[in-house]
Amino acid sequence: MPDDLDDTDIINRHLAVNFLGPLRVTEAFVPALTRSKGAIINNLSLSALVPVASTPAYSISKAATHNLMQAFRALLSARDVAVHSCFTGPVNTDMTRGFEVPKSPPGLVAAGIFDGFERGEDDIFPDAYSERIADGWRTGVIKALQQEFAAYVPPAAEVAQDCCHH
Ligand SMILES: NC(=O)c1ccc[n+]([C@@H]2O[C@H](COP(=O)([O-])OP(=O)(O)OC[C@H]3O[C@@H](n4cnc5c(N)ncnc54)[C@H](OP(=O)(O)O)[C@@H]3O)[C@@H](O)[C@H]2O)c1
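This report concerns the structure included in the present document. (Residues numbered from 1 in each chain as written. Predicted model: local features only at pLDDT ≥ 70, side-chain atom pairs only at ≥ 80, totals over all residues. Heavy atoms only, no water.)

**Quick notes on the side chain of glutamate 27**
Moving on, step 1. Following the sequence through the fold, glutamate 27 ends up in helix 1 (residues 8–36).
Moving on, step 2. For glutamate 27, a relative accessible area of 12% gives the class buried.
Moving on, step 3. At a separation of 2.9 Å, a polar atom in the side chain of glutamate 27 contacts the side chain of arginine 24. (Helix = DSSP H or I, 4+ residues; strand = E, 2+ residues; numbered from the N terminus. Buried < 20%, exposed > 50% of the residue type's maximum accessible area, 1.4 Å probe, protein only. Polar contact = N/O pair within 3.5 Å; in protein donor to acceptor, adjacent residues only side chain to side chain.)

Here's what the structure looks like:
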């Protein structure tokens, strides 16, 4: 078994950086984003959708943030703040050193993220590896359910009070 799952501290540290970090940063920026009708782009990972079993704590933290960003997307749409999630495949950075799989160059992935943003895609698959599942994801049952659940957002006034506390 990977050490991750035996050691609560490893899970907590992944959640602190990858989940609580984006949560707190998003909350802090909501007032400014509301004024500017801005956008949030979160670099998640394909492991937000399916865990990489050798690094379960990382995958859990990305899955949690994927779920969180869907909530923010629904809550903030009344304020015209867009929320974009990137389901990025393996990228050639320090993080993946020693992980022997084909990796995309960081510059190409960054360009892919901005291309997806300019096309207005909620869910961005910014590299050749992730792009293979983009069409299936966008027409799939999970995406349809996401859109169905967005109807359960409380009225705008309640959102302003309950979401983000600003
Ligand atoms: N590489 C991939 O294959 C891949 C795939 C999908 C998604 N992503 C995502 O892309 C993002 C960037 O990753 P990367 O591949 O560019 O990794 P990276 O080269 O290892 O860079 C990680 C960055 O996160 C910062 N960081 C690490 N721990 C932190 C902490 N506790 N508090 C604040 N900052 C911290 C590091 O800061 P310092 O430089 O100061 O250490 C560094 O700037 C991550 O969210 C990652 O999950 C990466």
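So that's the structure; there's more coming.
**Some points on the side chain of serine 130**
Moving on, step 1. Within the secondary structure layout, serine 130 lies in helix 4 (residues 128–131).
Moving on, step 2. For serine 130, the side chain forms a polar contact with the main-chain oxygen of phenylalanine 87, separated by 3.4 Å.
Moving on, step 3. Those residues in contact with serine 130, other than ones at most four positions away along the chain, are Leu46, Phe87, Thr88, Gly89 and Phe125. (Contact = heavy atoms within 4.5 Å.)

**Considerations on the pattern of salt bridges**
Moving on, step 1. Applying the stated criterion across every chain yields a total of 8 salt bridges.
Moving on, step 2. Notably, a salt bridge pairs lysine 37 with aspartate 80, separated by 3.7 Å at the nearest N-O pair. One end of the pair, lysine 37, is in the loop between helix 1 and strand 1 (39–43); the other, aspartate 80, is in the loop between helix 2 (56–76) and strand 2 (82–86), and 43 residues separate them in sequence.
Moving on, step 3. Taking the shortest distance from any N to any O, the salt bridge between lysine 143 and aspartate 123 comes out at 2.6 Å. A residue pair is termed long-range when its members are at least 10 positions apart, and lysine 143 in helix 6 (residues 141–149) and aspartate 123 in strand 3 (residues 123–124) qualify at 20 residues.
Moving on, step 4. What makes aspartate 123 buried here is its relative accessible area of 3%.
Moving on, step 5. Taken together, the shared-partner salt bridges in this structure form one network comprising Arg73, Asp123 and Lys143. (Salt bridge = Lys/Arg side-chain N within 4 Å of Asp/Glu carboxyl O.)

**Brief notes about unusual backbone geometry**
Moving on, step 1. Of note in the backbone geometry, lysine 37 takes a positive phi value of approximately 50 degrees without being a glycine.
Moving on, step 2. One non-glycine residue, aspartate 80, lies in the positive phi region at around 60 degrees.

**Comments concerning the site of the ligand**
Moving on, step 1. Residues in close proximity to the ligand total 14 residues, the closest being Leu44, Tyr58, Lys62, Val91 and Thr93.
Moving on, step 2. In the model, an oxygen atom of the ligand is placed 2.7 Å from a nitrogen or oxygen of the valine 91 main chain.
Moving on, step 3. Contact distances for the ligand include 3.4 Å between an oxygen atom and a backbone N or O atom of methionine 95.
Moving on, step 4. Looking at the shell around the ligand, its residues break down into 6 nonpolar, 6 polar and 2 charged. (Near = heavy atom within 4 Å. Nonpolar A, V, L, I, M, F, W, Y, C, P; charged D, E, K, R; others polar.)

**Here we look at the pairing of strand 1**
Moving on, step 1. Burial along strand 1 is one-sided: Ile40 and Asn42 are buried, while Ala39, Ile41 and Asn43, pointing the other way, are not.
Moving on, step 2. Assessed by its sense of winding, the connection that carries the chain from strand 1 through helix 2 to strand 2 is right-handed. (Right-handed = clockwise from strand over helix to strand, strands pointing away.)

**Section: the packing of helix 1 against helix 2**
Moving on, step 1. Where helix 1 contacts helix 2, the two axes come as close as 8 Å, and the packing angle between them is 20 degrees. As judged from the angle between their axes, helix 1 and helix 2 are roughly parallel. Between helix 1 and helix 2 the crossing geometry is right-handed. Between helix 1 and helix 2, the residues in contact are Ile10, Ile11, His14, Leu15, Asn18, Phe19, Pro22, Leu23, Thr26, Glu27 and Val30 and Ala57, Tyr58, Ser61, Lys62, Ala64, Thr65, Leu68, Met69, Phe72 and Leu76, respectively.
Moving on, step 2. Of the residues that constitute the contact of helix 1 with helix 2, the class distribution is 14 nonpolar, 5 polar and 2 charged. (Axes fitted to C-alpha atoms, helices over the stretch in contact; angles between N-to-C directions. Parallel < 35°, antiparallel > 145°, perpendicular 65-115°, else oblique. Left-handed = near helix turned anticlockwise from the far one by under 90°.)

**Describing the sheet that holds strand 2**
Moving on, step 1. Taking strand neighbours across the sheet as the criterion, the 3 strands line up as 1-2-3 in an open arrangement whose pairing is parallel. The open sheet has two edge strands with one neighbour each: strand 1 and strand 3.
Moving on, step 2. Across 5 bridges, the pairing between strand 1 and strand 2 is parallel. Residue pairing for strand 2: isoleucine 40 is matched across the bridge by valine 83. (Pairing = 2+ DSSP bridges.)

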